[in-house]
Amino acid sequence: MSDLAAPWWRRAEQRVTGRFTVAARPPALQLAKAGGAAVLSWFVCLLVFPGSLPMFGAIAALIVVQESVDQSLTKGIERVVGVLFGVSVALGAGALFGTNSWLFIAAILVSMAVGWLLRMSATSTNQIAITAMLMIALGGSEIGYGVERLVETAIGAAIGVAVNAAIAAPVRTNVTHTQITSLTVNAARALDRLADTLDEPRDDAWLEGMLDEARELHAERAQVHASLRSARESLRLNPRGRRHMRQLLEDDALFQRVQPIVTQVIGMSRALYDLYDPELVDDPSVIGMRREIRRAAHDLLLLGEAPAEPSAAAEPPALTAPYTIQRPPPRHWVLIGSLMEDLRRVRGRITGELD
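Residues numbered from 1 in each chain as written. Predicted model: local features only at pLDDT ≥ 70, side-chain atom pairs only at ≥ 80, totals over all residues. Heavy atoms only, no water.

## Considering the UniProt feature "transmembrane region" (unreviewed entry) in the protein chain
Here, UniProt's "transmembrane region" (unreviewed entry) annotation points to residues 39-65, 77-96, 102-121 and 128-147. End C-alpha atoms of residues 39-65 are separated by 13 Å, and the span's content is 74% helix alongside 0% strand. For the annotated span residues 102-121, helix accounts for 75% and strand for 0% of the residues, and the straight-line distance between the end C-alpha atoms is 26 Å. (UniProt positions renumbered as here; feature names shortened; annotations may be inferred. Helix = DSSP H or I, 4+ residues; strand = E, 2+ residues; numbered from the N terminus.)

Here it is as structure tokens:
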């Protein structure tokens with residue numbers, strides 16, 4: 001059942017749950033590392049500050065274990081800075097307003113103002129306010145208590161970063177490689193679908209399916225682009241980064257060649273959808289162009305394939321020479337000319353002539 005055909009209450013439930021759920025569960029190892037870092041921080045902070053409840057250190061370690069070591073370091077700095085300003089706000093508010101019951105409200109307002117003036121992110125600003133309220137509730141205006149909580153937070157953040165980097169530091173290059181390979185295969189399939197459209201007369205449903213399939217490449221390309229950024233980020237400050245960098249560079253180079261091809265494929269599909277005529281299939285120039293489109297699809301697949309063994313003989317490309325039309329038919333010259341220009345660009349990207 002499609003989303004639109006589902007009952008309204010089912011659609012509402014999907015929208016609500018989609019706000020706090022994700023498509024795939026996070027790796028169990030990441031959850032284990034976060035929990036382990038929090039527990040380790042708790043006992044380390046107890047050794048440094050006996051008799052205290054080291055909540056700040058455990059919370060810092062729990063938050064700092066992120067999807068990459070670079071993100072962990074960023075979150076650690078953000079946490080320490082937030083606690084520093086939060087402690088300062090709590091001490092300042094306590095010194096100015098004493099122990100009045102509305103001291104919490106004053107701390108919240110001052111924290112928001114400090115975050116705004118310093119152009120801090122919403123997360124950092126909220127961190128200042130939360131720290132200030134906890135400081136007031138647990139430690140009052142004692143500066144010694146504030147210094148201990150700041151040190152405790154720094155310990156927890158350092159442990160979180162160290163644990164995330166030392167124990168199987170997250171790497172997203174495999175996910176990116178799979179997505180780029182999938183994008184290349186789907187772009188080749190869209191080219192084959194274009195050739196199929198020119199193979200025999202097609203109805204409106206076929207044309208709409210062809211265009212929809214091509215348009216899906218746009219979202220897939222955007223997903224790959226975001227995945228590449230995430231993969232690069234996962235290798236920064238990563239002890240395992242060097243051994244995965246070569247694969248990432250190769251995938252990035254392939255993506256730089258494939259993404260313009262995706263643009264051309266979408267444009268070819270749109271032009272064929274708008275200007276389609278069943279008589280195209282009998283035009284001699286279209287017959288030759290159809291053959292070249294299939295060759296382009298074949299070579300695009302070769303572009304994204306890696307040999308199973310280094311010694312394996314590579315399959316030769318099929319698109320060996322540019323295809324030219326001496327005199328396009330008057331009735332369809334706009335469509336044929338558009339397809340030919342896009343095909344020229346696709347061929348140039350595949351062969352590397354337009355890199």
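## Some points on the packing of aromatic side chains
Across all of its chains, the model carries zero aromatic pairs by this definition. Lying over the aromatic face of Phe49, Arg149 brings its terminal NZ or CZ to 6.0 Å of the ring centre. Over the face of the ring belonging to Tyr145 we find Arg149, whose NZ or CZ atom lies 4.6 Å from the ring centre. (Phe/Tyr/Trp six-rings, centres within 6.5 Å; stacked < 30°, edge-to-face > 60°. Lys NZ or Arg CZ within 6 Å of the ring centre and 35° of its normal.)

## Topic: helix H2 (residues 28-48)
Each turn of an α-helix holds 3.6 residues, which means side chains three or four residues apart point in the same direction. Helix length check: H2 (21 residues) gives 30 Å between terminal C-alpha atoms against 30 Å at 1.5 Å per residue, within 8%. Among the residues making up H2, those that are buried are Gln30, Lys33, Ala34, Ala37, Ala38, Ser41 and Cys45. Taken around the axis of H2, the buried residues stretch over an arc of 135 degrees, which confines them to a single face. Seen from the open side of H2, the exposed residues pointing more than 90 degrees away from its buried face are Ala28, Phe43 and Leu47. Buried residues belonging to H2 abut helix H3 (55-64) and helix H7 (143-166). (Expected span 1.5 Å × (residues − 1). Buried < 20%, exposed > 50% of the residue type's maximum accessible area, 1.4 Å probe, protein only. Arc of directions from axis to C-beta. Contact = heavy atoms within 4.5 Å.)

## Section: a negative patch on the surface
Where like charges cluster on the molecular surface, the negative patch consists of Asp203, Asp204, Glu208, Asp212 and Glu216. As for its position among the elements, Asp203 is in the loop between helix H8 (173-197) and helix H9 (204-235). (Patch = residues over 30% accessible without salt bridge, like charges linked within 9 Å, V, L, I, M, F, W, Y side chains within 5 Å. Areas by Shrake-Rupley, 256 points an atom, 1.4 Å probe, with all protein chains shown as cover. Salt bridge = Lys/Arg side-chain N within 4 Å of Asp/Glu carboxyl O. Lys, Arg positive; Asp, Glu negative; His and termini not counted. Charge placed at Lys NZ, Arg CZ, Asp CG, Glu CD.)

## Describing the nonpolar core
Membership of the largest hydrophobic core comes to 43 residues, with the highest contact counts inside it found for Leu191, Leu272, Leu280, Met289 and Ile293. Looking at this core, the elements with two or more residues in it are H8, H9, helix H10 (241-275), helix H11 (284-304) and helix H12 (333-351). Top element by residues in this core is H10. It accounts for eleven residues. (Core = buried A, V, L, I, M, F, W, Y, C linked by side-chain atoms within 4.5 Å.)

## What to know about a nonpolar patch on the surface
Where nonpolar side chains cluster on the molecular surface, the patch consists of Leu53, Met55, Ile59, Leu62, Ile63, Ile130, Leu134 and Leu138 and spans about 670 Å² of accessible area. Take the nonpolar patch: its biggest share by element is four residues, from H3. The topology assignment puts Leu53 in the loop between H2 and H3. By relative accessible area, Leu53 is classed as exposed at 59%.

## So, the pattern of salt bridges
A complete count under the given rule lists 15 salt bridges for this structure. Its salt-bridge partner being Glu152, residue Arg149 comes within 2.9 Å of it at the nearest N-O pair. Of this pair, Arg149 and Glu152 both sit in helix H7, separated by three residues, roughly a single helical turn. For the pair Arg149 and Glu152, a shared accessibility class is recorded, and that class is buried. Across the salt bridge formed by Glu341 and Arg345, the nearest N and O atoms sit 3.0 Å from each other. One end of the pair is Glu341 and the other is Arg345, both in helix H12 and four residues apart, which spans about a single turn. On the basis of relative accessibility, which here comes to 28%, the residue Glu341 falls in the partly exposed class. Residue classification places Arg345 among the partly exposed positions, given a relative accessible area of 35%.

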